[in-house]
Amino acid sequence: MQKSIQLDRPESPRNDSNGTNHVHNQRIVETETADGFKKKEQSWFATCQIPTDLSIQVEDVTFHVHKYPLVSKCGYLRTVELPPPNSHLGYDLKLEKFPGGSETFEIILKFCYGLPISLNPDTVAATRCASEFLDMTEAMEDGNLIAKTEAFFTFVVLSSWNDTVTVLRSCEILSPWAENLQIVRRCCDSIISKISRGNSAEEMLIEENWWLKDVTTLHISHFLRIITALRAKEMKPEIIGSCIIRYGEKWLPSTDTKTEGTGKYGNRINDFQVMSGRKQETNIGQNKERRTIIESLASILPPQKEAVPCKFLLWMLKKAIVYAASPVLVLELEKKIGMVLENASVNDLLIPTNSVGEQTIDSTEKQTMHNLEAVQRILDYFLIYEKQQLQQQGLKSTASNISKLVDSYLAEIASDPNVSIDKFQVLAESLPREARASHDGLYRAIDTYLQTHPSLSEHDRRRLCKIMDCGKFSLDACAHAAQNDRLPLRIVIQVLFSEQVKMKAAIQGKDYIASDDESDKESSQSPSKKEVKSLKEELEKIKIQMEELQRDYSELQHDYEKVNNKNRKTTWTFGWRKKKSALSDGKLDREVTEEGHYRSNVGCKAGSRRRQSIS
């Protein structure tokens, strides 16, 4: 490959007092005028009659050039001590960490050989840093490259929004030179000034947000500087929050976009499930960069509740846990989520447990799929924040608004066999008892937990079921619980008693405590005459069945007394000996439970007939 460059003849230097240098330098200028450059593999050669006398390596490219054109303009090359020629290395000088790399050095060569260069926003920052690196000041030559790039940057770039954003984007690989030369600061100040001038009519800006797209393409450090300055200028928190959301969506990966029913930030499949399969493929540097983005975005979140939705905060929390962000930052996110927890959904609360690359120290330790501790802390922050609001402003309690959310979350985690009963119980008891108007959702969660953990002892089952209030069950929940073999017998008796009390109250014309859904329906719709008549007929049927149940109960009590009397007359023997009782005639079939109580199939049959009539 051959690259032709038409070079202008440089001016001759001034004569010395004896005129010898004039003749010598004139000969150098005439003989070192190159016709062009040609490339062989990773080396560039100046095509000239006289061989080159200097080889410079930048990155992996070696430039074979003439010494005089560079030394006349670059103070760095004039002061540096060149090593003796070394054919083994293949170069005389190596420029380490040269700003802009080999491509920028090509621009420097064009300028040094007198070829006009064309500056543009993509290259002006790198050229400015490279000219500073080589010390191309006015002391070396009037109109040197530092002055030319500085004038172009000041008068051309900073006057244009697009050019300023382009230059700032190119500064990402020029650290620390771009920072030390104030290129980044001046670009950020120009962007902030332009946004502030366009922010005179904020109502129109909220609709357009013309600058968000360009600002979200910047490096996180530059983005952080701009947003911090805009917050200092008291820009509306909704605009700041919108900008942070768009930046997070652009730079942080979405791990579950293919899941059906997922929302904007991904819900169903948590980040840990997806990222655990990519631990070996994920680059450590990339994870560190994403962790920096998360921590930076979290640090500039506005404190106002309406600035950022709860869904995005929970999404950020998942990312912070996945990429092992600072624990202090995680706690701050949890506090912010606690302030707006009533706007969350169940899928949003499915927070991963592990971070990327984290390995379990004890392989035998059972680890839960979801992070229950984080949700517990969020719930605690919510209750603390609500208590403060009640004391300061006297607002109405909103704990009942999240009771369904907590119960639904409990039902989700109950299917995890590694969830301990202690963590489950603590989370279920976090809400005050008066916060739940209906315990149907809590019953569903506990029933799911009992089904997933069949090896629980009877004591643990009782302890878990004590959380429920059978008086707050709907008729459907009572009907299901009465036939649920997983519940302890005492809970089943309480459910039957509660159902009997409700039916008795209905017969007497009293209102029973219904669930939230039923009360909403009853309040929104007034019953018609036909419905009232049908209800009366049902109540009459229930009354008849109640009388039948009472007779069955009397017979059962009478038979029980007969058995006790008979046992008193018999002598004591070791162990239990099963005897066929005269009572096992089909009417009464008892079984001894673990608690030592008798359960009668007659009562169950009567209860079954009662539930069928109710349904």
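Cut-offs and rules
Residues numbered from 1 in each chain as written. Predicted model: local features only at pLDDT ≥ 70, side-chain atom pairs only at ≥ 80, totals over all residues. Heavy atoms only, no water. UniProt positions renumbered as here; feature names shortened; annotations may be inferred. Helix = DSSP H or I, 4+ residues; strand = E, 2+ residues; numbered from the N terminus. Expected span 1.5 Å × (residues − 1). Buried < 20%, exposed > 50% of the residue type's maximum accessible area, 1.4 Å probe, protein only. Salt bridge = Lys/Arg side-chain N within 4 Å of Asp/Glu carboxyl O. Pairing = 2+ DSSP bridges. Core = buried A, V, L, I, M, F, W, Y, C linked by side-chain atoms within 4.5 Å. Contact = heavy atoms within 4.5 Å. Polar contact = N/O pair within 3.5 Å; in protein donor to acceptor, adjacent residues only side chain to side chain.

- For the protein chain, an unreviewed UniProt entry supplies the name BTB/POZ domain-containing protein DOT3 isoform X2 and the organism Nicotiana tabacum.
- As stated in UniProt under Sequence similarities (unreviewed entry), the record for the protein chain gives "Belongs to the NPH3 family."
- Taken directly from UniProt, the Pathway (unreviewed entry) text for the protein chain runs: "Protein modification; protein ubiquitination."

## Looking at helix 13 (residues 237-251)
Stage number 1. Here helix 13 is 15 residues long and its end C-alpha atoms lie 21 Å apart, about the 21 Å a rise of 1.5 Å per residue gives.
Stage number 2. Along helix 13, the residues that are buried comprise Pro237, Ile239, Ile240, Gly241, Cys243, Ile244, Ile245, Tyr247 and Gly248.

## Re the pattern of salt bridges
Stage number 1. Taken as a whole and assessed by the stated rule, the structure comprises 14 salt bridges.
Stage number 2. Arg225 serves as the salt-bridge partner of Glu179, at 3.5 Å between the closest nitrogen and oxygen. You can see Glu179 sitting in helix 8 (residues 177-180) and its partner Arg225 sitting in helix 12 (residues 220-232), a full 46 residues away along the chain.
Stage number 3. For Arg225, a relative accessible area of 33% puts it in the partly exposed group.
Stage number 4. A salt bridge links Asp407 to Arg436, with the shortest nitrogen-to-oxygen separation between them at 2.9 Å. Taken as a pair, Asp407 in helix 19 (residues 403-413) and Arg436 in the loop between helix 20 (421-428) and helix 21 (440-452) lie far apart in primary sequence, 29 residues in all. The residues Asp407 and Arg436 share a single accessibility class, namely buried.
Stage number 5. Among the charged side chains, a network of salt bridges with common partners joins Arg128, Glu132, Glu150 and Arg186.

## A few points about the pairing of strand 5 (residues 61-65)
Stage number 1. Buried residues dominate strand 5, accounting for five of its five residues.
Stage number 2. Taken together, the five bridges between strand 4 (residues 54-58) and strand 5 define a ladder with antiparallel strand orientation. Residue pairing in the sheet places Val58 in a bridge with Val61 of strand 5.
Stage number 3. In textbook terms, the turn of a hairpin is the stretch between consecutive antiparallel strands, and for strand 4 and strand 5 this stretch comprises two residues, one of which, Glu59, has a positive phi near 55 degrees.

## Here's the deal with the nonpolar core
Stage number 1. Grouped together as the largest cluster of nonpolar side chains are 115 residues, with contacts concentrated most on Trp211, Leu341 and Phe424.
Stage number 2. Excluding its chain neighbours within four sequence positions, the residues that come into contact with Leu341 are Cys310, Leu349, Ile378, Leu379, Phe382, Ile402 and Leu405.
Stage number 3. Listed in part, the 25 residues of the second largest apolar core include Phe63, Leu77, Phe111 and Met136.

## Overview of the side chain of Thr104
Stage number 1. Looking at the element boundaries, Thr104 is found in helix 4 (residues 101-112).
Stage number 2. In this structure the side chain of Thr104 is engaged in a polar contact, spanning 3.1 Å, whose partner is the backbone oxygen of Gly100.
Stage number 3. Sequence-distant contacts of Thr104, defined by excluding residues within four places in its chain, comprise Phe98, Pro99, Ala126, Thr127 and Ala130.

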